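# Observations on the model geometry
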Amino acid sequence: MRTEIIRLKPGSSQEYAVKYAAEILRSGGIVVFPTETVYGIGANAYSADAVEKIFLAKGRPHDNPLIVHVDSLDSIGLAADVDSVPYEPLRKLWPGPLSILLKKNHDISPACTAGMDTVVVRCPDNDFAREMIATAGFPVAAPSANVAGRPSGSDVQDILAEMDGRVDLIIDAGKSRFGIESTIVDPIHRPPRILRPGAFALEDLENLFQGIVQENLKVSGTGQPLTPGMKYRHYSPDKPLYVGTSDQIKELNRSPHGDEYAYVCSRELSRDIQGIKVELGSRNDLYEIASNLFTCLRKLDKVPGKLGVIESFPERGIGAAIMNRIGKAALPLACTGQT
Ligand code: AMP
Ligand code: MG
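Criteria and cut-off values
- Residues numbered from 1 in each chain as written.
- Chains lettered and ligands numbered in written order.
- Predicted model: local features only at pLDDT ≥ 70, side-chain atom pairs only at ≥ 80, totals over all residues.
- Heavy atoms only, no water.
- Pairing = 2+ DSSP bridges.
- Helix = DSSP H or I, 4+ residues; strand = E, 2+ residues; numbered from the N terminus.
- Contact = heavy atoms within 4.5 Å.
- Axes fitted to C-alpha atoms, helices over the stretch in contact; angles between N-to-C directions.
- Core = buried A, V, L, I, M, F, W, Y, C linked by side-chain atoms within 4.5 Å.
- Buried < 20%, exposed > 50% of the residue type's maximum accessible area, 1.4 Å probe, protein only.
- Parallel < 35°, antiparallel > 145°, perpendicular 65-115°, else oblique.
- Left-handed = near helix turned anticlockwise from the far one by under 90°.
- Nonpolar A, V, L, I, M, F, W, Y, C, P; charged D, E, K, R; others polar.

Hydrogen bonds along the backbone pair up the strands of a sheet, which may run parallel or antiparallel. Reading across the sheet, the five strands line up as β13-β12-β14-β11-β15 and stay open at both edges, with parallel pairing between neighbours. Strands with a single pairing partner mark the edges of an open sheet, and in this sheet they are β13 (276–279) and β15 (331–332). In this structure, strand β11 (residues 241–244) lies alongside β15, joined through two bridges in parallel fashion. Note on β15: the bridge partner recorded for Tyr242 is Leu331. Seen against the sheet, helix α7 (residues 246–254) touches β11, β12 (261–265) and β14 (307–311) and runs at an angle of roughly 145° to β14. Across the sheet, helix α9 (residues 286–300) is in contact with β11, β12, β13 and β14; its angle to β13 comes to roughly 160°.

Further remarks concern the nonpolar core. The biggest cluster of nonpolar side chains holds 44 residues, and the ones touching the most others in it are Trp94, Leu98, Val121 and Leu205. For this core, the secondary structure elements donating two or more residues are β3 (40–44), α2 (48–58), α3 (87–93), β5 (98–103), β6 (118–122) and α5 (156–163). Among the elements that line this core, the one with the most residues is α2, at five residues.

What follows is about unusual backbone geometry. For the bond running from Trp94 to Pro95, omega is -10°, close enough to zero to count as cis. For Pro95, the position within the fold is in the loop between α3 and β5. Going from Arg190 to Pro191, the amide bond is cis rather than trans, its omega being -5°. Looking at where Pro191 falls in the secondary structure, it is placed in the loop between β9 (183–186) and β10 (193–196). Positive phi, close to 50°, is recorded for Ala114, a residue that is not glycine. Among the secondary structure elements, Ala114 is positioned in the loop between β5 and β6. On the accessibility criterion, Ala114 (32% relative accessible area) is partly exposed.

On to the environment of Leu101, then. Considering the arrangement of structural elements, one finds Leu101 in strand β5. Residues Leu101 and Ser84 lie 17 residues apart in sequence; the distance between their C-alpha atoms is 9.1 Å. When near neighbours in sequence (up to four residues on either side) are disregarded, Leu101 contacts Thr118, Val119, Val120, Val185, Asp186, Pro187 and Ile188.

Right, let's get into the packing of α9 against helix α10 (residues 319–329). It is the contact of α9 with α10, at a shortest axis distance of 9 Å, that shows an interaxial angle of 20°. Taken together, the axes of α9 and α10 are roughly parallel relative to one another. Classified by chirality, the crossing of α10 by α9 is left-handed. Residues Leu286, Ile289, Ala290, Leu293, Phe294 and Leu297 of α9 touch α10, and the partners they reach there are Gly319, Ile322, Arg325, Ile326 and Ala329. Here the contact of α9 with α10 is composed, by residue class, of nine nonpolar, one polar and one charged.

The subject of this paragraph is the sheet that holds strand β1 (residues 4–7). Across the sheet, ten strands lie side by side as β1-β8-β2-β3-β7-β4-β6-β5-β9-β10; this open sheet has mixed pairing. A strand with exactly one partner marks an edge of an open sheet, and here the two such strands are β1 and β10. Note: β1 against strand β8 (residues 169–172), four bridges, orientation parallel. In the sheet register, Ile5 faces β8, and the bridge partner there is Ile170. The sheet contacts of helix α4 (residues 127–136) involve β2 (31–33), β4 (67–69), β7 (140–141) and β8, and relative to β2 the element is tilted by about 145°.

Here you go:
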């Protein structure tokens, strides 16, 4: 398959690109498109054949369902049973990085939902994405634009390296705004739950979903027992990766094993350690850390060092999402027996 690339120029008309991308989706093709979280690989959510192409391109297991994107809250009935929709919070949160578990509309292909009768729906805060979906005329199933198990795609150069020849079109709109995926909320069960922390933090949602909880998702950098999810590696670079607190990392850096590692760390920690470093940004700006996280995990594979170690961050605000992703990509430093 030949992959075309269209670069969007800030400030100029996107009309041609919107029409072209929508046309490819209508003819059953797959398109990498920008959102405010990370880039998605989109297909017609009503077509099992089109959705299958996403699974093939990513090498994604079929039992991992896809998020379905709509152009507005008014169109949510195209994806979900409207009786299951919590309109009030969604009016405040959409468009935005919030995905919501709902009862599936019968037109959504079971290929998107791993055969379940629920569907996760989102309305992205990105003009191109919403116009493309509106022009296509159907909801668009879209997971992140990366090979399954690898860090999500938030930069087109990284995406191209994995997806060239596997998708019909890539729309390049520059670096993603948040760089970390949406928060997924399940409002169906009591109490409502955060299924995946993301760009919206628990604190942003507490007043909108009464009694909302975020359980069993915490990952600590201290080597304490881990959630079962830690068994699985996601977002993974090729180098074995460990996570530790800044104090653990300083100690490791001074130890005889220190030069075996490349260090993925904040600007602040970087000043206190020697060796190969990949800088995430300032510890005082967790949004900056989030937006650089996936590109830095990819950079780790390009720098010398047999192993990688990444700094842990406070689990407040978007920090919960950062630590959730790091926890899936890395093992606690304590596991090396070197601290
Ligand atoms: P990704 O597209 O890789 O960012 O991940 C989408 C996430 O949404 C995955 O963790 C899926 O398991 C989850 N998801 C999608 N649809 C459903 C659903 N119907 N029920 C539960 N989780 C879902
Ligand atoms: Mg993903």
